[in-house]
Amino acid sequence: MNFVIDVNIIVDLVLKRNGYREYIKILNSLIFNKNGFLCVSSIHTIDYVVNKIDSSKRSNLRKLIEKLQYCKSPSYIDITHKHFQVDPEDYIVDLSARAIGAKVITTDKKFLRDSEIAIHPDDFFDTLREDRSTMNFIDLEKQNSRISTSIERKIDAVFNHGKFIMGPEIGELEELLADYVGVKHCVTVSSGTDALIIPMMALDIQPGDEVITSPFTFIATAEMIALLRAKPVFVDIDPKTYNINPDLVEGAITGKTKAIMPVSLYGQCADMDHINKIAAKHGLPVIEDGAQSFGATYKGKRSCGLSTVGCTSFFPSKPLGCYGDGGACFTDDDDLAMKMRQIRVHGQDRRYHHPLVGMNGRMDTLQAAVLLAKMEIFDDEVKSRIEIGARYTELLKDYVVTPYIEPFNTSVYAQYTIQVDERDMLREKLDEAGVPTAVHYPVPLHKQPAFKEHEGDFLPVAEEVSARVLSLPMHPYLTKENQDRVVNLLIK
Amino acid sequence: MKAIKVWAKKVENGYLIPSGILQDYSDDKLLLEVKVKKDNKKPEDIHNDYKHLSDNGIWERYKAKDENKESSRLTDHEIDQVSEEFGLMAESIEDLLRL
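**Let's talk about the overall build of chain B**
Logical step 1: Along the backbone of chain B there are 4 helices and 3 strands.
Logical step 2: Order of helices (α) and strands (β) in chain B, N terminus to C terminus: β-β-α-β-α-α-α.
Logical step 3: When the 99 residues of chain B are sorted by exposure, 25% land in the buried category.
Logical step 4: Within chain B, counting contacts between residues at least 6 apart in sequence, those at least 24 apart form 46% of the total.
Logical step 5: Surface exposure of chain B reaches about 7300 Å², of which carbon and sulfur atoms provide 52%.

What follows is the structure in structure tokens.
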């Protein structure tokens, strides 16, 4: 929940008037949780009034408002609206708050009477309690509050230059992400799914070829192999990490195998050194599906920079997510990077010249702008994810099967997934208590109707864990209180 | 020297809205008819005049809000309770600035 603070609260706080101690506590909460906003149209009023009443307080005022977020005034004002006629400033504050889904904290009787989103400071803590009792599986609202100014600035820039396709933000993001992952090339694409098919096209995977992959993941991995009329060859997973079992990979290689595509599930990389060694022995490329592991490390190196090519997804719920679909491919191979760049734009190497058959697979400039803003806080969010994941494990390890993270790995916990008995009953109980959960994934890919030709594949570990896994609420802004609620319910 | 008619609508809290915006309103009143000597005012004087009007407006609006407020009623004990419940340790502006 976001809150916009009306003029009178800030003025009374800075001038230490009635309500001072209560306002200090409210601001304490808002500054700490980064969900306190000032409407930009109020700042001049606050500054002027404080200066007029007691100019010695102006310095503290300015330092204080720097601790808050700002929200802009929407352009869709209605100057004939009755509230605008009475008090344009309050009307604009109200409108600005609605634009960011906030409530307005005010002591103004008229504002409290006229606006259903206005709350009195005395009601702030009840509102917090109510908000606290709502738990989200993934909480993007808190993240948005934290970076709203940066996102707004970057999106405004895109609207101003108007280069919505392949604008300058694309190049800026690709440079930043390649540097982050530690590879020479990043090729941004329009989705995590396109990030899987584009490298396979660049590696010339043909109909009838075989690609070795995991049966325990989202369908996109095997689906893109099948879309090229190649054959996914499922290899069972490791029962501890849920990633493809490298010991079984070599046995699945045939004369038709053209690539190995391990998935770094739930935010933890597969055992890439082991897989790379087998691939090198057979002259095969390795495509890491790092849709869930962007930001994770394997032996000190970052996911997506561990093999021939790494792919990721920026779907909104991913550890690094945009405001729609987006993805990226990473490689040190100059030739592969060039082909992937051509394929994402209809196989074009220069305008209206197409040496390859490609697709429309470019990332929108607006999504790049969002990701640039999100990268400003990504390290911090990854750190929080790791801490929250470790705390879950510490609290739950004696009661359920908790995630096993290899000592040489760090996980970004795209999902925090446990194994339990009687999963459906447990989900129901948690749901009744207001705790959202999910199952990643209830049916292994070889049991999906779309892959009926694989129905007889012998993949017992994937089948067993798919009946037992349960993902808990997990995001960088999950509070200890909410985490304790989940844990206590599970233990009970 | 040019004659200027200033049409405006008087609204609560001292707002004057230029006639260009409110020309469709039947209750507009002719407030002023002034003659401006083009060369009489220096740019800084004009700026100061506008600033004065603007500052007065801000002050009037603020006073109206301040005189119409519903005071806080939480007791010190209740504030202590929420402080503990939500882990809010700040007791002063200086504490807030250190967050």
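**Considering the sheet that holds strand E14 (residues 327–331) of chain A**
Residue and element names in this part refer to chain A.
Logical step 1: With respect to topology, 4 strands assemble into an open sheet ordered E6-E14-E13-E10, the strand pairing being mixed. At either margin of the open sheet sits one strand with a lone partner, and together these are strand E6 (185–189) and strand E10 (287–289). For this sheet, the mean angle separating the axes of adjacent strands, direction not counted, is 20 degrees.
Logical step 2: Pairing of strand E13 (residues 309–313) with E14 involves 4 bridges; the strand directions are antiparallel. Counterpart to Cys311 in the pairing with E14 is Cys329.
Logical step 3: Packed onto the sheet, helix H10 (residues 168–181) meets E6 and E14 and runs at close to 130 degrees relative to E6.
Logical step 4: Packing of helix H11 (residues 194–202) onto the sheet brings it into contact with E6, E10, E13 and E14, and relative to E13 it is tilted by some 155 degrees.

**Side note on helix H15 (residues 334–343) of chain A**
Logical step 1: Buried within H15 of chain A we find Leu336, Ala337, Met340, Gln342 and Ile343 of chain A.
Logical step 2: Capping the start of H15 of chain A is the job of one residue whose side-chain oxygen sits 2.9 Å from the backbone nitrogen of Asp335 of chain A: Asp333 of chain A.

**Brief notes about the nonpolar core**
Logical step 1: Membership of the largest hydrophobic core comes to 48 residues, with the highest contact counts inside it found for Leu177, Ile212, Ile260, Phe294, Phe314, Leu320 and Phe330 of chain A.
Logical step 2: Mapped onto this core, the elements with two or more residues apiece are helix H9 (140–161), H10, helix H14 (272–282), E14, helix H16 (365–375) and helix H17 (378–396) of chain A.
Logical step 3: Mapping this core onto the domain boundaries places at least three of its residues in each of domain 2 (145–371) and domain 3 (377–491) of chain A.
Logical step 4: Excluding anything up to four places from it in sequence, Ile212 of chain A contacts Val233, Val235, Ile244, Val249, Ala252, Ile253, Thr257, Ala259, Ile260 and Met261 of chain A.
Logical step 5: Of all hydrophobic cores here, the second largest spans 38 residues; its members include Leu15, Tyr23 and Ile105 of chain A together with Ile93 of chain B.

**Observations concerning the interface of chain B and chain A**
Logical step 1: Counting residues at the interface gives 39 residues for chain B and 51 residues for chain A.
Logical step 2: Among the residues of chain B in contact with chain A, Tyr62, Lys65 and Ile93 of chain B are the three that bury the most area, contributing 16% of the side total.
Logical step 3: Counting across the chain B and chain A interface gives 12 salt bridges.
Logical step 4: Across the pair Asp6 of chain A and Lys65 of chain B runs a salt bridge whose closest N-O atoms are separated by 2.7 Å.
Logical step 5: Across the chain B-chain A interface, the total number found is 28 residue pairs in polar contact (both at pLDDT 80 or more).
Logical step 6: Listed by contribution, the elements that provide at least two residues to the side of chain B that touches chain A are strand E1 (2–11), helix H2 (43–67), helix H3 (76–86) and helix H4 (93–97) of chain B.
Logical step 7: A breakdown of the residues in the side of chain B that touches chain A according to their chemical character gives 18 nonpolar, 6 polar and 15 charged.

**Some remarks on the confidence of the model for chain B**
Low-pLDDT portions of the prediction should not be read for the details of their coordinates.
All names here are of chain B.
Logical step 1: Mean pLDDT over chain B works out to 72, with 59% of the residues at or above the 70 mark.
Logical step 2: Across residues 19–26, where pLDDT falls below 50, the model places 10 contacts with residues more than four positions away in sequence or in other chains.
Logical step 3: Low pLDDT (under 50) marks residues 33–37, which in the prediction has 11 contacts with non-local residues, meaning those over four places away or in another chain.
Logical step 4: In the predicted assembly, ipTM is 0.74 and pTM is 0.85.

**A few points about the side chain of Asp90 of chain A**
Logical step 1: Looking at the element boundaries, Asp90 of chain A is found in helix H6 (residues 88–99).
Logical step 2: Other than its neighbours up to four places away in sequence, Asp90 of chain A contacts Asp6, Asp108, Lys110 and Phe111 of chain A together with Lys65 of chain B.

About the criteria used
Residues numbered from 1 in each chain as written. Chains lettered and ligands numbered in written order. Predicted model: local features only at pLDDT ≥ 70, side-chain atom pairs only at ≥ 80, totals over all residues. Heavy atoms only, no water. Helix = DSSP H or I, 4+ residues; strand = E, 2+ residues; numbered from the N terminus. Buried < 20%, exposed > 50% of the residue type's maximum accessible area, 1.4 Å probe, protein only. Contact = heavy atoms within 4.5 Å. Areas by Shrake-Rupley, 256 points an atom, 1.4 Å probe, with all protein chains shown as cover. Pairing = 2+ DSSP bridges. Axes fitted to C-alpha atoms, helices over the stretch in contact; angles between N-to-C directions. Polar contact = N/O pair within 3.5 Å; in protein donor to acceptor, adjacent residues only side chain to side chain. Core = buried A, V, L, I, M, F, W, Y, C linked by side-chain atoms within 4.5 Å. Domains from an automatic or database assignment. Buried area = accessible area lost by both parts, 1.4 Å probe. Salt bridge = Lys/Arg side-chain N within 4 Å of Asp/Glu carboxyl O. Nonpolar A, V, L, I, M, F, W, Y, C, P; charged D, E, K, R; others polar. pLDDT = per-residue confidence, 0-100.

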